[in-house]
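# Fold and geometry: a report
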Amino acid sequence: QLFVAARRPIALFVANDQLSTHMYASLSELLAGWGKNIYAGGRMAALGGALGRASYPFFLLSMPLLGLVPPIAFVAALLGFLSTSWLILSAIVIIVSVLFWGALYRYMRESVGYALLYPLGFVMLFVIAFGGVRRGQRVEWKQRTYLSS
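Here goes a summary of the coordinates provided. (Residues numbered from 1 in each chain as written. Predicted model: local features only at pLDDT ≥ 70, side-chain atom pairs only at ≥ 80, totals over all residues. Heavy atoms only, no water.)

### Some remarks on the nonpolar core
Formed by Ile38, Tyr39, Ala46, Tyr56, Leu60, Leu61, Ile128 and Ala129, the largest nonpolar core amounts to eight residues. Looking at this core, the elements that each hand over two or more residues are helix H3 (49–78) and helix H5 (118–135). Of the residues forming this core, the biggest block, three residues, is contributed by H3. Contacts of Leu60, omitting those with residues within four sequence positions, involve Ile38, Tyr39, Ala129 and Val133. (Core = buried A, V, L, I, M, F, W, Y, C linked by side-chain atoms within 4.5 Å. Buried < 20%, exposed > 50% of the residue type's maximum accessible area, 1.4 Å probe, protein only. Helix = DSSP H or I, 4+ residues; strand = E, 2+ residues; numbered from the N terminus. Contact = heavy atoms within 4.5 Å.)

Below, the structure written as structure tokens:
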């Protein structure tokens, strides 16, 4: 059981049937909302002190790229640029990824078919991360610019 400074207990409940939220109405709102926090906020939460903060942009950009390796390798193997081993291995990783995302979407009561689009999610994550790294500590929100610490 967790306690706050006043020594009162904190409880955590899963209330999927009671609560929902709608964060963004459009792709441009999503890009602005995530873009303002993904670098500036994430950098400050990076583990490892100054070294963690310094390496954060690299890891932020490399994670979605790593997620795209299996689909890219699969297509490259289909086109004959990579061996059959790459085709088999990338197919296995893609199947496991689709199953993972499908289970997550099912849990969230969304269409399981979205799991097939998981590579597009990694592309969008890279676009958002790249924009955040490019902006650096400059955060823009509601026509105002702030500098994160």
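Past the structure itself, the notes keep going.
### Some words on the packing of aromatic side chains
Enumeration over the complete set of coordinates arrives at seven aromatic pairs. Between Trp101 and Tyr105, the ring centres sit 6.5 Å apart and the planes meet at 40°, which makes this aromatic pair tilted. Pair noted here: Trp101 and Tyr105 are both in helix H4 (residues 84–107), with a separation of four residues, about one helical turn. Look at Trp101 and you get partly exposed, because its relative accessible area is 26%. Ring geometry for Tyr118 against Phe122: centres 6.0 Å apart, planes inclined by 85°, an arrangement best described as edge-to-face. Highlighted residues: Tyr118 and Phe122, both in helix H5, separated by four residues, approximately one helical turn. Residues Tyr118 and Phe122 agree in their burial class; the two are buried. (Phe/Tyr/Trp six-rings, centres within 6.5 Å; stacked < 30°, edge-to-face > 60°.)

### Details of H5
Under the 1.5 Å per step criterion, the end-to-end length of H5 is 26 Å for 18 residues, consistent within 8% with the ideal 26 Å. Looking at H5, one finds that the buried residues are Tyr118, Phe122, Ile128, Ala129, Gly131 and Gly132. Its buried side turned inward, H5 meets helix H1 (27–38), H3 and H4. Positive phi shows up at Gly136, right after H5, with a value of about 65°. (Expected span 1.5 Å × (residues − 1).)

### A word on a nonpolar patch on the surface
Residues Leu27, Leu31, Tyr114, Leu117, Leu120, Val123 and Val127 make up a contiguous nonpolar surface patch of about 600 Å² in total accessible area. Contributing elements (two or more residues each) for the nonpolar patch: H1 and H5. No other element matches H5, which puts three residues into the nonpolar patch. Along the chain, the position of Leu31 falls in helix H1. The class for Leu31 is partly exposed, based on a relative accessible area of 31%. (Patch = residues over 30% accessible without salt bridge, like charges linked within 9 Å, V, L, I, M, F, W, Y side chains within 5 Å. Areas by Shrake-Rupley, 256 points an atom, 1.4 Å probe, with all protein chains shown as cover. Salt bridge = Lys/Arg side-chain N within 4 Å of Asp/Glu carboxyl O.)

### Side note on unusual backbone geometry
Not every positive phi belongs to a glycine, and Arg109 is a case in point at roughly 60°. Note that Arg109 resides in the loop between H4 and H5.

### Comments concerning the environment of Pro57
Among the structural elements, Pro57 can be located in helix H3. Since its relative accessible area comes to 19%, Pro57 is described here as buried.

### Remarks on the environment of Tyr105
Taking relative accessible area as the criterion, Tyr105 reaches 22% and is therefore assigned partly exposed. Sequence separation between Tyr105 and Tyr56 is 49 residues; the distance between their C-alpha atoms is 28 Å. Contact partners of Tyr105, with chain neighbours within four places excluded, come to Glu110, Ser111, Val112, Tyr114 and Ala115.

### Comments concerning the packing of H1 against H5
Close contact between H1 and H5 brings their axes to 8 Å; oriented N to C, the two are set at 50°. On the basis of the axis angle, H1 is oblique to H5. Where H1 crosses over H5, the two elements pack in a sense that is right-handed. On H5, the residues that touch Leu27, Leu30, Leu31, Trp34, Gly35, Lys36 and Ile38 of H1 are Met124, Leu125, Ile128, Ala129, Gly132 and Arg135. Partitioning the contact of H1 with H5 into residue classes produces nine nonpolar, two polar and two charged. (Axes fitted to C-alpha atoms, helices over the stretch in contact; angles between N-to-C directions. Parallel < 35°, antiparallel > 145°, perpendicular 65-115°, else oblique. Left-handed = near helix turned anticlockwise from the far one by under 90°. Nonpolar A, V, L, I, M, F, W, Y, C, P; charged D, E, K, R; others polar.)

Read these as spatial facts, not as claims about activity.
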